[in-house]
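Here are the chains, one letter per residue:
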Amino acid sequence: AQKITQTQPGMFVQEKEAVTLDCTYDTSDQSYGLFWYKQPSSGEMIFLIYQGSYDEQNATEGRYSLNFQKARKSANLVISASQLGDSAMYFCAMRITGTYKYIFGTGTRLKVLA
Amino acid sequence: GAVVSQHPSRVICKSGTSVKIECRSLDFQATTMFWYRQFPKKSLMLMATSNEGSKATYEQGVEKDKFLINHASLTLSTLTVTSAHPEDSSFYICSARDSFYNEQFFGPGTRLTVL
């Protein structure tokens, strides 16, 4: 069965510092995608970054980068130069290729301190 | 980027009434839409997959008679919570798959409160 695990229910980071949000996954499928979404208090799901299982390079999108370690089945999100507006809930998700269904982790609430 | 809207964004209703939530893809066609439910401070749980022109596929444990899904056009799926009860209070989020680009986009969510 597919599963996403986020072990950090809450994290604090000082403004302008970098922070890593952990995500591990479990699947026996070879082809899958890993996603990170940000959910502010308004509730909308904001797409941040995507990593395909066959991508050899770690994905990067601006201040977001994904530390993909396939052998360890981990896909940690790194946010560099944290900003106050980064305070939100962050979800790691997996989608098995061809199914279109997302499996979400339990989320990590990030609080950026001034 | 592609936009998915949900209406209403917030609804309060009395116990026993039915509530309809709409999910629209505004600038693309979506043959498949998904409905998720999120309890406070919890993760998103997939409820059902909505396919245009056919019956929805429900996840295990989701009552299909309770949560009626209709996907009558390529841009609209509706979720009707029938005979709502306080335990149905939740945040409901839809996502729509852009068939052409094979990407998914989430709606802004609907917060349902049943009194």
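Up top is the structure these notes are about.
Residues numbered from 1 in each chain as written. Chains lettered and ligands numbered in written order. Predicted model: local features only at pLDDT ≥ 70, side-chain atom pairs only at ≥ 80, totals over all residues. Heavy atoms only, no water.

Trainee: Provide a residue-level description of the side chain of B:Ser50, including the pertinent values.
Mentor: All names here are of chain B. With respect to the secondary-structure elements, Ser50 resides in strand β5 (residues 44-51). Here the side chain of Ser50 touches Ser77 through a polar contact of 3.0 Å, side chain to side chain. Leave out the neighbours within four places in its chain, and Ser50 touches Thr31, Thr32, Met33, Trp35, Ala56, Ile69, His71 and Ser77. (Helix = DSSP H or I, 4+ residues; strand = E, 2+ residues; numbered from the N terminus. Polar contact = N/O pair within 3.5 Å; in protein donor to acceptor, adjacent residues only side chain to side chain. Contact = heavy atoms within 4.5 Å.)

Trainee: Please provide a residue-by-residue account of the pairing of strand β2 (residues 10-13) of chain B, values included.
Mentor: All names here are of chain B. Along β2, the buried face is formed by Val11 and Cys13; none of Arg10 and Ile12, which line the opposite face, is buried. Alignment of β2 against strand β11 (residues 110-114), held across four bridges, turns out to be parallel. Paired with Arg10 across the bridge in β11 is Arg111. (Buried < 20%, exposed > 50% of the residue type's maximum accessible area, 1.4 Å probe, protein only. Pairing = 2+ DSSP bridges.)

Trainee: An account of the pattern of salt bridges is requested, with residue identities and associated values reported.
Mentor: Between side chains of opposite charge, pairing is possible as soon as their charged atoms come close. Using the criterion set out here, one finds five salt bridges over all chains in the structure. Note that B:Glu59 and A:Lys101 form a salt bridge whose closest N and O atoms lie 3.0 Å from each other. Remark: A:Lys101 occurs in the loop between β10 (88-96) and β11 (102-104) and B:Glu59 occurs in the loop between β6 (57-58) and β7 (67-73); the pair is interchain, linking two chains. When its relative accessible area of 22% is taken as the criterion, B:Glu59 is described as partly exposed. (Salt bridge = Lys/Arg side-chain N within 4 Å of Asp/Glu carboxyl O.)

Trainee: Tell me about the nonpolar core, and please be specific about residues and values.
Mentor: As a rule of thumb, nonpolar side chains are buried together in soluble globular proteins. B:Phe67 and B:Leu112 are the most contacted members of the largest nonpolar core, which has 26 residues in total. Secondary-structure elements contributing two or more residues to this core are β2, β3 (19-25), β4 (32-38), β5, β7, β8 (76-81), β9 (90-98) and β11 of chain B. By size, the runner-up hydrophobic cluster in this structure holds 25 residues, among which are A:Val13, A:Tyr32, A:Ile79 and A:Met94. (Core = buried A, V, L, I, M, F, W, Y, C linked by side-chain atoms within 4.5 Å.)

Trainee: Outline the state of the cysteines, listing residues and values.
Mentor: Cysteine pairs can be linked by a disulfide, which is a covalent bond between their two sulfur atoms. In the structure shown here, the tally under the stated rule is two disulfides over all chains. What pairs with A:Cys23 in a disulfide is A:Cys92, and their sulfur atoms sit 2.0 Å apart. An S-S torsion of about -60 degrees defines the bridge between A:Cys23 and A:Cys92 as left-handed. One end of the pair, A:Cys23, is in the loop between β3 (19-21) and β4 (24-26); the other, A:Cys92, is in strand β10, with 69 residues separating them in the sequence. Neither residue differs from the other here; A:Cys23 and A:Cys92 are each classed as buried. Between the sulfur atoms of B:Cys23 and its disulfide mate B:Cys94 the distance is 2.0 Å. The S-S bond linking B:Cys23 to B:Cys94 shows a torsion near 80 degrees; that makes this disulfide right-handed. Here B:Cys94 lies in strand β9 and B:Cys23 lies in strand β3, a separation of 71 residues in the sequence. Of the residues examined, B:Cys94 reaches a relative accessible area of 0% and is grouped as buried. (Disulfide = S-S within 2.5 Å.)

Trainee: Would you mind going over the environment of A:Ser74 in detail, with residue names and values included?
Mentor: All names here are of chain A. Inspection of the secondary structure puts Ser74 in strand β9 (residues 74-79). Between the alpha carbons of Ser74 and Ile4 there is a distance of 9.5 Å; along the sequence they are 70 residues apart. Those residues in contact with Ser74, other than ones at most four positions away along the chain, are Cys23, Thr24, Tyr25, Asn67, Phe68 and Gln69.

Trainee: Before we move on, could you go through the interface of chain B and chain A and cite the residues and values that matter?
Mentor: Counting from both sides, the interface comprises 17 residues of chain B and, opposite them, 15 residues of chain A. Of the roughly 1400 Å² buried at the junction of chain B and chain A (both faces included), carbon and sulfur atoms supply 56%. By the criterion of area lost to chain A, the three top residues of chain B are B:Ser43, B:Gln104 and B:Phe106, representing 33% of everything that side buries. Our enumeration of links across chain B and chain A arrives at one salt bridge. The interface formed by chain B and chain A includes five residue pairs in polar contact (both at pLDDT 80 or more). Broken down by secondary-structure element, the contributors of at least two residues to the side of chain B that touches chain A are β4, β5, β9 and β10 (103-106) of chain B. Residues that form the side of chain B that touches chain A fall into these classes: eight nonpolar, five polar and four charged. (Buried area = accessible area lost by both parts, 1.4 Å probe. Nonpolar A, V, L, I, M, F, W, Y, C, P; charged D, E, K, R; others polar.)

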